[in-house]
Amino acid sequence: MNEIEQKERRSFTFYLSFYKAAKGLKNRERLAIYDAIVEYSLLGKEPDSLSSISQLVWDLVEPTLSKSRASFLNGCKTPHPKKTAT
């Protein structure tokens, strides 16, 4: 990982669609997918051992998470101009 990829992210958006996709899972599977969402969104860690049903949910939410993560990383690359008082 390069310096930008190691940048600590402190928050992310958890969409209603993530909840709806996972709510029918058994507790253990739901916890696994929630952990996967959090670890990927905040730490960039891809899940490595999801059950087949949890993997299906992951496949549904991962594109949104990846797009959000890419936006965060791109925002870290360019400094934002300082606001001037008007």
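Preceding this section is the structure that the text describes.
The structure displayed is predicted, hence computed values, not measured ones.

A.B. asks: Sorry if this is basic, but what is going on with the overall build of the chain here?
C.D. replies: Looking only at helices and strands, the chain features three helices and zero strands. Helices and strands in the chain line up, N terminus first, as α-α-α. Counting the 86 residues in the chain, one finds 21% classified as buried. Excluding contacts between residues fewer than 6 apart, the proportion of contacts in the chain whose partners are at least 24 apart in sequence is 65%. When the accessible area of the chain is evaluated, it comes to approximately 6600 Å², of which 53% is carbon and sulfur surface.

A.B. asks: Looking at this structure, how should I read the pattern of salt bridges?
C.D. replies: Between side chains of opposite charge, a pair can form as their charged atoms come close. Applying the stated criterion across every chain, the model contains one salt bridge. Measuring nitrogen to oxygen at the nearest pair gives 3.4 Å for the salt bridge that ties E39 to K45. Residue E39 is classed as partly exposed on the basis of its relative accessible area, which comes to 31%.

A.B. asks: Even after reading the chapter, I still don't get the packing of aromatic side chains, so can you show me in this structure?
C.D. replies: Describing an aromatic ring pair means giving the distance of the ring centres and the angle of the ring planes. Within the structure shown, the criterion is met by four aromatic pairs. Look at Y40 and W58: their rings are 5.5 Å apart centre to centre, the planes differ by 85°, and that puts the pair in the edge-to-face class. Of this pair, Y40 sits in helix α2 (residues 27–43) while W58 sits in helix α3 (residues 52–77), and the two are 18 residues apart along the sequence. Comparing Y40 with W58, the two get one shared label, buried.

A.B. asks: Would you mind showing me how to read the nonpolar core here?
C.D. replies: Proteins that are soluble and globular tend to have nonpolar side chains buried together. With 12 residues, the main nonpolar core is built from F18, A22, L25, I33, A36, I37, Y40, L50, V57, W58, V61 and L65. Among all residues touching F18, those that are not within four sequence positions of it are T13, I37, V61, T64 and L65.

A.B. asks: Please clarify how the side chain of S54 should be interpreted in this entry.
C.D. replies: Looking at the secondary structure, you find S54 in helix α3. Leave out the neighbours within four places in its chain, and S54 touches L25, E29 and I33.

A.B. asks: Just to check I follow, could you spell out a nonpolar patch on the surface for this structure?
C.D. replies: A cluster of nonpolar side chains, namely F14, L16 and Y19, defines an oily patch on the protein surface of about 310 Å² accessible area. Within the element layout of this structure, Y19 appears in helix α1 (residues 16–22).

A.B. asks: Could you clarify how one ought to interpret the side chain of S41 in this entry?
C.D. replies: Among the secondary structure elements, S41 is positioned in helix α2. Side-chain polar atoms of S41 contact the backbone oxygen of I37, separated by 2.8 Å. When residues no more than four places from it in sequence are discounted, the contact partners of S41 are R9, F12, L65 and R69.

Parameters at a glance
- For every chain, the first residue of the written sequence is number 1, and numbering continues from 1 along that sequence.
- Given that this is a predicted model, residues contribute local features only at a pLDDT of at least 70 and side-chain atom pairs are listed and counted only at 80 or more, while totals for whole chains, interfaces and linings are drawn from all residues.
- Side-chain measures here rest on the full set of heavy atoms in the structure, leaving out hydrogens and waters.
- Runs of E in the DSSP output that reach at least two residues are strands. Runs of H or I that reach at least four are helices, and both are numbered from the N terminus.
- Accessible area is worked out with a 1.4 Å probe on protein chains only. A residue is then buried under 20% of its type maximum, exposed over 50%, and partly exposed in between.
- Note on contacts: a residue pair is in contact if any heavy atoms of the two residues lie within 4.5 Å.
- For the area figures, the Shrake-Rupley method with a 1.4 Å probe applies, and any residue is considered shielded solely by the protein chains shown.
- We define a salt bridge as a contact between a side-chain nitrogen of Lys or Arg and a carboxyl oxygen of Asp or Glu at a distance within 4 Å.
- The pairing test for Phe, Tyr and Trp rings, Trp by its six-membered ring, is centres within 6.5 Å, and the orientation test on the planes gives stacked under 30 degrees, edge-to-face over 60, and tilted for anything in between.
- Side-chain atoms within 4.5 Å are what join buried Ala, Val, Leu, Ile, Met, Phe, Trp, Tyr and Cys residues into a set we call a nonpolar core.
- Only residues whose relative accessible area exceeds 30% and that take part in no salt bridge are eligible for patches, with like-charged residues grouped when within 9 Å of each other and nonpolar side chains (Val, Leu, Ile, Met, Phe, Trp, Tyr) grouped when within 5 Å.
- Pairs of N or O atoms within 3.5 Å make up the polar contacts considered here, provided that, within protein, one atom can donate a hydrogen while the other can accept it, and that residues adjacent in sequence are counted only when both atoms are side-chain atoms.

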